[in-house]
Amino acid sequence: MRIVCVGAGPAGLYFAISAKLRDAGHEITVFDRDPPAATYGWGVVYWDDLLDVLYRNDPESAREVTARSVLWQDQEVRVRGSSGGQTAYFGGYGYSMSRSALLDVLARRASQLGVHVQYGHDVAAPSALPEADLLVAADGANSRIRGHHEAFGTHIDVGLNPYIWLGTDQAFPSFVFSFEQTSAGWIWFHAYPSVAGVSTCIVECSPQTWHGLGLDVLAPDQGVRLLEDIFKRPLDGHRLLSRSRGAPAHWQRFAHVTNKTWYQGTTVLVGDAAHTTHFTLGSGTRLAIIDAIVLAHSLHEYLDVEDALREFDRHRRAELHSVQAAARTSMAWFEHLDQYIDRDAVAFAHAMSVRNGSQNPWQYQLHLATQIAAVRTARRAFATGRRWYLARRRGEGTYNQSRQTTGP
């Protein structure tokens, strides 16, 4: 089969890998408008469930992802208002890596399997592409390919809160939420380690705070300097980094993308072109990769392309319904932060943890216990054993202790 894929992000590259693994006879070309190693954003975050999927589908690239990832343990919620600062804690752990490192791993693996990856190729319309049996639109939330087909039934809801995706040379060992009260209102960041010495730092606030601080009119570098001053305590004097690809980062509002169908004829949507989930859910990369695997599997199982796309659409859109609903709920919670922020840090953190639904009473008691340092130490020890078990179950080999970082 001749397959053309537009977009060399996680969805496009991992689809190419997955399709080639199932049928080496496919002729697959991936086009991307950017040069090699250029990427928006800083880091991606994921959990053991994605590693399980990666090792089942392609152990070769999974080992590379593992080797270039870092481990974070625990989550901190820091709240600093007019009366001083408090910190609350969540248990748990996760993994993260720089987005550029992930794309490098996937691009090299795709090329190794015989996929033709062409960078610097800006595709304005499907007519500019070579003839193919299948066109995979993996070109993001603002997909140009999708825009040429009204039949997808695309609907985009734009969130209220402005946010900006930055980096910092503060090497956070944990996933950190930091909320700072200013004269214009509350502003906060979500931060996690991406690579040695660098963390991802997503800053968010209400429109009122954004305008009140003048972030809507300040030049990009001036805005970043103001944010450094606001967050000087949690950043401990470290810099915020704006330029991940030469151009400064810019403020944006989250676009929640849904489609009535994910395929039209022999064109199919994957990843953010098909669906988006708010960054507070931390699932975008995982969902894109699962899209890629399911699409490749459907093409392998069904001889007729339309049958394969129909099955992919039926299966994945049904799965994404509840995930996107949870993402909308999470986004809305942060858009109405003022309803919760007047609580003490422990109560506020608990409200954040249950923003997608209620929990059992014992889970609240565990949350209270997690505020005790000895309990956090015990939970990390248990998590270390769990990681060891999961790594061996998926055939990861000797667990690499050097990837660990130490939480508070």
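Since we're looking at a predicted model, the values are computed, not measured. (Residues numbered from 1 in each chain as written. Predicted model: local features only at pLDDT ≥ 70, side-chain atom pairs only at ≥ 80, totals over all residues. Heavy atoms only, no water.)

**Q** Honestly, the pairing of strand S10 (residues 185-195) in this entry has me stumped. Any pointers?
**A** Where a strand is regular, its side chains alternate between the two sheet faces. Among the 11 residues in S10, 10 count as buried, and that is most of the element. Once strand S9 (residues 175-182) ends, the chain turns through two residues before running back antiparallel as S10. In this structure, S10 lies alongside strand S11 (residues 198-205), joined through eight bridges in antiparallel fashion. Within the sheet, the bridge partner assigned to Val195 lies in S11 and is Val198. (Buried < 20%, exposed > 50% of the residue type's maximum accessible area, 1.4 Å probe, protein only. Helix = DSSP H or I, 4+ residues; strand = E, 2+ residues; numbered from the N terminus. Pairing = 2+ DSSP bridges.)

**Q** For this particular structure, what's the right way to read the sheet that holds strand S14 (residues 263-264)?
**A** Whenever strands of a sheet pair, they do so through backbone hydrogen bonds, lying parallel or antiparallel. Strand order across the open sheet formed by six strands is S6-S2-S1-S7-S15-S14, with mixed pairing between neighbours. A single partner strand is all that each edge strand has here, and the edge strands are strand S6 (116-118) and S14. Of the strand pairs in this sheet, strand S7 (residues 134-137) and strand S15 (residues 267-269) are connected by three bridges, and their pairing is parallel. Across the sheet, the residue bridging to Ala137 is Leu269, located in S15.

**Q** Honestly, the side chain of His278 in this entry has me stumped. Any pointers?
**A** Among the secondary structure elements, His278 is positioned in the loop between S15 and helix H9 (284-301). The buried category is assigned to His278, whose relative accessible area is 3%. In terms of polar contacts, His278 uses its side chain to reach the side chain of Thr280, at 2.7 Å. If we skip the residues at most four places from it in the chain, His278 touches Glu204, Phe254, Ala327 and Met331. (Polar contact = N/O pair within 3.5 Å; in protein donor to acceptor, adjacent residues only side chain to side chain. Contact = heavy atoms within 4.5 Å.)

**Q** Which parts of the structure should I look at to understand the pairing of S7?
**A** The alternating pattern of S7 places Leu134 and Val136 on one face and Leu135 and Ala137 on the opposite face, and all of these are buried. In terms of strand pairing, strand S1 (residues 2-6) meets S7 through four bridges, oriented parallel. Following the sheet pairing, Ile3 is matched in S7 by Leu134.

**Q** I'm lost on unusual backbone geometry in this one. Help?
**A** One non-glycine residue, Asp74, lies in the positive phi region at around 70 degrees. Within the fold, Asp74 resides in strand S4 (residues 70-81). When its relative accessible area of 2% is taken as the criterion, Asp74 is described as buried. Backbone geometry places Asp236, a non-glycine residue, at a positive phi of 55 degrees. Its location among the elements puts Asp236 in the loop between helix H8 (232-235) and strand S12 (240-241).

**Q** It is not clear to me how the nonpolar core should be interpreted in this structure. Could you clarify?
**A** Looking at soluble globular proteins, one finds that nonpolar side chains tend to be buried together. Core analysis: the largest hydrophobic core is formed by 70 residues, its most contacted members being Leu13, Phe15, Leu134, Val136 and Leu295. If you look at the next biggest cluster of nonpolar residues, it comprises 22 residues, including Phe175, Phe179, Phe334 and Ala349. (Core = buried A, V, L, I, M, F, W, Y, C linked by side-chain atoms within 4.5 Å.)

It is worth stressing that arrangement in space is one thing and function is another; only the former is reported here.
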